[in-house]
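Close look at the chain arrangement
For reference, the chains in residue letters:
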Amino acid sequence: MPATAPKVSFLLRQPRLVQGYREQLAPNHALTMVWIPPGRFWMGSPASEAGRTDAEGPQALVQVQGFFISQSPITQAQWRALANLNEGSMERRDLKPNPSFFHPDHWQGKDQAVRYRLGALLDGEASTDDRPVERVSWHDALEFCHRLGRLTGRAYTLPSEAQWEYACRAGSPEAFTFGATLTPPLANVRWPAERDISAPGRHQQQTTPVGLYPANAWGLHDMHGNVGEWCFDHWRERHEAPATDDGPWLIKDDRELLRERVIRGGSWNSEAIHCRSASRTSGAPLLQDMKVGFRVVCLPHLPTEEATQQTGELLASEQEVEIPIAELNVSSGIAAALKGAGVNTVTDLMGFSYEDLIGIPGIGFRQADTIIEALEKIGITMPQTRVEGED
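From a predicted model like this one, the values you see are computed outputs, not experimental measurements.

Here the focus is the overall build of the protein. When its secondary structure is counted, the protein shows 9 helices and 11 strands. Buried residues in the protein amount to 52% of all 391 residues. Put simply, of all contacts in the protein between residues at least 6 apart along the chain, 75% involve residues at least 24 apart. Accessible surface, the protein as shown: approximately 17,200 Å² in total, 51% of it carbon and sulfur.

Structural data, given as structure tokens:
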């Protein structure tokens, strides 16, 4: 829709009147909740949509109740406000105040050789407080909702897939909330090199402050890109038994707390085609990834406790374990080469790109591929992947 794109971009950058409220979490840090009106929409994508996968169908007409959703992904400052909250029985799970990869504390004390080169502050950015929190698991995100509910007396939880897609589309049947295509000024996603233009249109190669890019028609920011967002639902390969309501799709069995959960929206490292309104992926509920965060919903029709207990009790808090490189499923030669470069744990590898790996003495393309495969088996994805055709 090239002819209408300038008009859409212009309109989205104007001040808008949205219904909602603010929760004051800490001095100077409020959480803005936006009202999403009830309605019906076609969930999923049509077979003709570019980039569509089988996981996005078949389409289903879904009835959605009205709800409130956070205007943007939860920020690092908002997260820290509740992670630091100490109210005795309010806590069911420990939360780290600063879990994010893109936070100055992340590499404190680490060897300079393993620091991520791209995590610099942007022009005019004094801190990362307004960036989305990431490297939080599904269980961590649900604990945040639990604390928020106990603090405010309102029913907070993670959005269902249907709620998330309905809010993302904001009435648009197109591939993106902005239309049939996505352009650099509209979202923080991974653009091809030829589209690396001046900020905010270039590939930032990291998260950006929430609200830096235009909002959709219902006033929501960063529904495409920046960070992928946890949903409440268990993962399923297809909408095989399409729900006609907006509740989460859940499997009730003895593995329900271990099953993969849905992630929506794509991230700063996703190509635009994987950030479409209907795009779906998943992750283990304990996954902590620099590309995954979340936003919250408030459900006026649910009691506070019920909102976060739809699947029973949360898993107990796990302490983050530093996995030694020797325990990664790679050869002793690869492990020795990594240790020689100052990489002693799996955490030390999390900021590396493919180019960083092959720059290590003793690590070539095949060895780098082996490392990537080993990391993916434990739920970690490298920021960049190998260029096709290299040997």
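Spatially, E1-E2-E5-E11-E6 is the arrangement adopted by the 5 strands of the open sheet, whose pairing is antiparallel. Where the open sheet ends on each side, the last strands, each with one partner, are strand E1 (20-26) and strand E6 (156-157). In the sheet, E6 pairs with strand E11 (residues 297-298) via 2 bridges, with the strands oriented antiparallel. Counted as the bridge partner of Thr157 is Val297 from E11. Sitting on the sheet, helix H4 (residues 161-169) is in contact with strand E2 (29-36), strand E5 (67-70) and E11, with an inclination near 75 degrees to E5.

Another aspect to go through is the pairing of strand E7 (residues 228-234). Burial analysis of E7 places 7 of its 7 residues in the buried class, which makes it a mostly covered element. Burial along E7 is two-sided: the face carrying Gly228, Trp230, Phe232 and His234 and the face carrying Glu229, Cys231 and Asp233 are both buried. Here 2 bridges tie E7 to strand E10 (residues 292-293), and the two strands are oriented parallel to one another. When the sheet's bridge partners are listed, Gly228 is paired in E10 with Val292. For E7 and strand E8 (residues 261-264), the ladder comprises 3 bridges, and the chain directions are antiparallel. Bridge pairing in E8 links His234 to Arg261.

Attention now goes to unusual backbone geometry. Leaving glycine aside, a negative phi is the common case for residues, and trans is the common case for peptide bonds. The residue after Gly57, namely Pro58, is reached through a cis peptide bond having omega -5 degrees. As for its placement among the helices and strands, Pro58 is situated in the loop between strand E3 (39-43) and strand E4 (60-64). The phi angle at Ala170 is positive, at roughly 50 degrees, despite the residue not being glycine. Structurally, the position occupied by Ala170 is in the loop between H4 and E7. Backbone geometry places Asn226, a non-glycine residue, at a positive phi of 70 degrees. With respect to the helices and strands, the residue Asn226 is situated in the loop between H4 and E7.

All right, on to the environment of Gly359 then. The topology assignment puts Gly359 in the loop between helix H8 (354-358) and helix H9 (365-377). A relative accessible area of 60% places Gly359 in the exposed class. Considered as a pair, Gly359 and Ala341 are 18 residues apart in the sequence and their alpha carbons are 9.9 Å apart.

So, on to the environment of Tyr156. Assignment of secondary structure puts Tyr156 in strand E6. For the pair formed by Tyr156 and Val296, sequence separation is 140 residues and the distance between their alpha carbons is 6.6 Å. Looking at Tyr156, its side chain comes within polar contact range of the side chain of Tyr21, at 2.8 Å.

A few words on empty space enclosed by the protein. Within this structure, the stated rule accounts for 2 cavities of 30 Å³ or more. Each pocket or cavity is described by its volume, and for the second largest cavity that value is around 60 Å³. In terms of lining residues, the second largest cavity is bounded by Thr177, Phe178, Leu186, Ala187, Tyr213, Pro214, Ala215, Asn216, Leu220, Asp222, Met223 and His224. Taken together, the residues of the lining of the second largest cavity break down into 8 nonpolar, 3 polar and 1 charged.

Okay, the sheet that holds E7 next. Spatial strand order, E9-E8-E7-E10: 4 strands in an open sheet with mixed pairing. Both outer strands of the open sheet, strand E9 (280-283) and E10, are each paired with one neighbouring strand and no more. Looking at chain direction, E8 and E9 are connected through 4 bridges and run antiparallel. By the bridge assignment for E9, Arg264 is matched with Arg280. Each of E7 and E8 touches helix H3 (residues 138-152); the most contacted strand, E7, lies at about 85 degrees to it.

Procedures and definitions
Residues numbered from 1 in each chain as written. Predicted model: local features only at pLDDT ≥ 70, side-chain atom pairs only at ≥ 80, totals over all residues. Heavy atoms only, no water. Helix = DSSP H or I, 4+ residues; strand = E, 2+ residues; numbered from the N terminus. Buried < 20%, exposed > 50% of the residue type's maximum accessible area, 1.4 Å probe, protein only. Contact = heavy atoms within 4.5 Å. Areas by Shrake-Rupley, 256 points an atom, 1.4 Å probe, with all protein chains shown as cover. Pairing = 2+ DSSP bridges. Axes fitted to C-alpha atoms, helices over the stretch in contact; angles between N-to-C directions. Polar contact = N/O pair within 3.5 Å; in protein donor to acceptor, adjacent residues only side chain to side chain. 1 Å grid on protein atoms, 1.4 Å probe; cavity = no way out; pocket = protein on both sides within 12 Å on 5 of 7 lines; lining within 4 Å. Points joined across faces, edges and corners; volume = space filled by probe spheres on them. Nonpolar A, V, L, I, M, F, W, Y, C, P; charged D, E, K, R; others polar.

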